[in-house]
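Residues per chain, in single letters:
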Amino acid sequence: MTFSFTHLTSALALAAGLTVAPLMASAAESEGIVVYNAQHETLTQAWADGFTKETGIKVTIRNGSDMQFANQIVEEGAASPADVYLTENSPGMALVDANKLFAPVNADTLAQVPENFKAVDGNWVGVAARSTVFAYDKTKLKDADLPKSLLDLADPKWKGRWGASPAGADFQAIVSALLELKGEDATKAWLKAMKENATPYKGNSVAMKAVNAGEVEGAVIYHYYWFGDQAKTGENSKNVLLHYFKNQDPGAFVSISGGGVLASSQHQKEAQAFLKWITGKGGQAVLRDGDSYEYAVGNGAESNPKLVPLNDLQAPKVEPSKLNSKKVTDLMTEAGLI
């Protein structure tokens, strides 16, 4: 018969008349939690450092992309080694949730975040947010020249004048919102026009650099790329300003970065504590004081003061659990964009 180290330790402890519970608890705590992280690496590391400092619980971070991890979690199922899944956008959360792989988020954590920044079923919660913007070349475009709506970019007059990063989860989340708000026919028509009008780039920062360099007059990106560059040297955004569509336009979509605890986690208590911490005062302060320039979403939490206030963005109401990443990728593939 083969004995594991745990069995041997337990036997020795029992022989000595000792309880094994404290030893087992200590072993579990030393393992900590594993986070599948599709958020920005520096932001999640700051969250992990703050959480570990306050609780003593170790956090191991594995970095990847939204849909890479979403599909991996679905494939791994109950055998997933991850305890927590963090995303940049909500479609990845919706995919995992649809496969019933999340544990319900604790009620006290859900209570820290407004209703519009969490899943209606309570299985995942918003941890940060980002706004869609039109980054434009201020040397070429004036206010009167800017598109009033995201849909205006389908007009032939915009052919060759704007860009985006269609292959990324960031842009696909925006298209998901367009699909939910305007329907399949309108989305198909817009994607067809995008194929004809827009220049594709690999990444939001690359698209912004192209605007800055005069390659295109504008690009659909998320706001924080501009703010992050401005906070450094500004060399990739010195000729760029941001246009906010507002008016509940699809181009005013605010994407939710989500967090959820996997039902298969062997460290439910620690994983739930991590999610509570990042949505609470400590974690949201990291957004306010750090250099990610993403929006804080906790009740009463303040975002970086350089940002346009969330309430002023006039974002459309989109139910995050309805954002369909597979349907969007199918439509974008059909349009020849990915």
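Worth saying up front: this structure is predicted, and the values here are computed from it rather than measured. (Residues numbered from 1 in each chain as written. Predicted model: local features only at pLDDT ≥ 70, side-chain atom pairs only at ≥ 80, totals over all residues. Heavy atoms only, no water.)

### Examining the nonpolar core
Taken as a class, soluble globular proteins show a tendency for nonpolar side chains to be buried jointly.
Part 1 of the argument: Core analysis: the largest hydrophobic core is formed by 97 residues, its most contacted members being Trp47, Tyr85, Phe134, Trp162, Phe171, Met194 and Phe274.
Part 2 of the argument: Ranked by the residues each element gives to this core, the list is headed by strand 5 (residues 125-137), at eight residues.
Part 3 of the argument: Contacts of Trp47, omitting those with residues within four sequence positions, involve Gln39, Leu86, Val127, Phe274, Trp277, Ile278, Gly283, Val286 and Leu287. (Core = buried A, V, L, I, M, F, W, Y, C linked by side-chain atoms within 4.5 Å. Buried < 20%, exposed > 50% of the residue type's maximum accessible area, 1.4 Å probe, protein only. Helix = DSSP H or I, 4+ residues; strand = E, 2+ residues; numbered from the N terminus. Contact = heavy atoms within 4.5 Å.)

### Quick notes on the pattern of salt bridges
Part 1 of the argument: For the coordinates displayed, the defined rule picks out nine salt bridges.
Part 2 of the argument: Glu115 is the partner of Lys118 in a salt bridge, and the nearest nitrogen-oxygen pair spans 3.4 Å.
Part 3 of the argument: For Lys118, a relative accessible area of 7% puts it in the buried group.
Part 4 of the argument: Classification of Glu115 by relative accessible area gives exposed; the value is 65%.
Part 5 of the argument: Of the charged contacts in the structure, one is a salt bridge between Asp330 and Lys326, with a shortest N-O distance of 3.0 Å. On the criterion of helical spacing, the pair formed by Asp330 and Lys326 is a turn pair, its members being four residues apart in helix 13 (residues 325-334).
Part 6 of the argument: Judged by relative accessible area, which is 56%, Lys326 ranks as exposed.
Part 7 of the argument: Look at the salt bridges and you will find they share partners, linking Arg130, Asp170 and Glu294 into a network. (Salt bridge = Lys/Arg side-chain N within 4 Å of Asp/Glu carboxyl O.)

### With respect to the side chain of Lys118
Part 1 of the argument: Here Lys118 shows up in the loop between helix 6 (107-110) and strand 5.
Part 2 of the argument: Here Leu110 takes part through its backbone oxygen, which lies 2.6 Å from a polar atom of the side chain of Lys118.
Part 3 of the argument: For Lys118, the side chain forms a polar contact with the side chain of Glu115, separated by 3.4 Å.
Part 4 of the argument: Apart from the residues lying within four places of it in its own chain, the contact partners of Lys118 are Leu110, Ala111, Val113, Trp124, Val125, Gly126 and Pro320. (Polar contact = N/O pair within 3.5 Å; in protein donor to acceptor, adjacent residues only side chain to side chain.)

### A look at the packing of aromatic side chains
Part 1 of the argument: Per the stated rule, a full pass over the model turns up nine aromatic pairs.
Part 2 of the argument: Arranged with centres 5.2 Å apart and planes meeting at 80 degrees, the rings of Phe51 and Phe274 form a pair that is edge-to-face. Remark: Phe274 occurs in helix 11 (residues 268-279) and Phe51 occurs in helix 3 (residues 41-55); sequence separation between them is 223 residues.
Part 3 of the argument: Classification of Phe51 by relative accessible area gives buried; the value is 0%.
Part 4 of the argument: With a relative accessible area of 0%, Phe274 lands in the buried category.
Part 5 of the argument: Ring centres 6.2 Å apart and planes at 20 degrees place the aromatic pair Phe227 and Tyr293 in the stacked group. On the criterion of sequence distance, the pair formed by Phe227 in helix 10 (residues 224-231) and Tyr293 in the loop between helix 12 (281-289) and helix 13 is long-range, its members being 66 residues apart.
Part 6 of the argument: Using a relative accessible area of 9% as the deciding quantity, one classes Phe227 as buried. (Phe/Tyr/Trp six-rings, centres within 6.5 Å; stacked < 30°, edge-to-face > 60°.)

### Details of the confidence of the model for the protein
Part 1 of the argument: When pLDDT is averaged along the protein, the result is 91; 91% of the residues meet or exceed 70.
Part 2 of the argument: With pLDDT under 50 throughout, residues 1-29 is counted as low confidence; its partners more than four residues away or in other chains account for seven contacts. (pLDDT = per-residue confidence, 0-100.)

### Comments concerning the environment of Lys188
Part 1 of the argument: Position of Lys188 relative to the elements: it lies in helix 8 (residues 184-197).
Part 2 of the argument: Separated by 146 residues in sequence, Lys188 and Glu334 place their C-alpha atoms 8.8 Å apart.

### Notes on the pairing of strand 5
Part 1 of the argument: Here strand 5 lies mainly inside the structure; 13 of its 13 residues are buried.
Part 2 of the argument: Judged from the six bridges that link them, strand 5 and strand 10 (residues 254-262) form a sheet pairing that is antiparallel. The partner of Arg130 across the bridge, within strand 10, is Ser255.
Part 3 of the argument: For strand 5 and strand 8 (residues 218-222), the ladder comprises five bridges, and the chain directions are antiparallel. Paired with Thr132 across the bridge in strand 8 is Tyr222.
Part 4 of the argument: Examined bridge by bridge, strand 5 and strand 9 (residues 240-243) share four bridges and lie antiparallel to one another. (Pairing = 2+ DSSP bridges.)

### What about helix 12?
In an α-helix there are 3.6 residues to a turn, and that puts residues three or four apart on one side.
Part 1 of the argument: Within helix 12, the full set of buried residues consists of Gly283, Gln284, Ala285, Val286 and Leu287.
Part 2 of the argument: The elements touched by buried residues of helix 12 are helix 3, strand 5 and helix 11.

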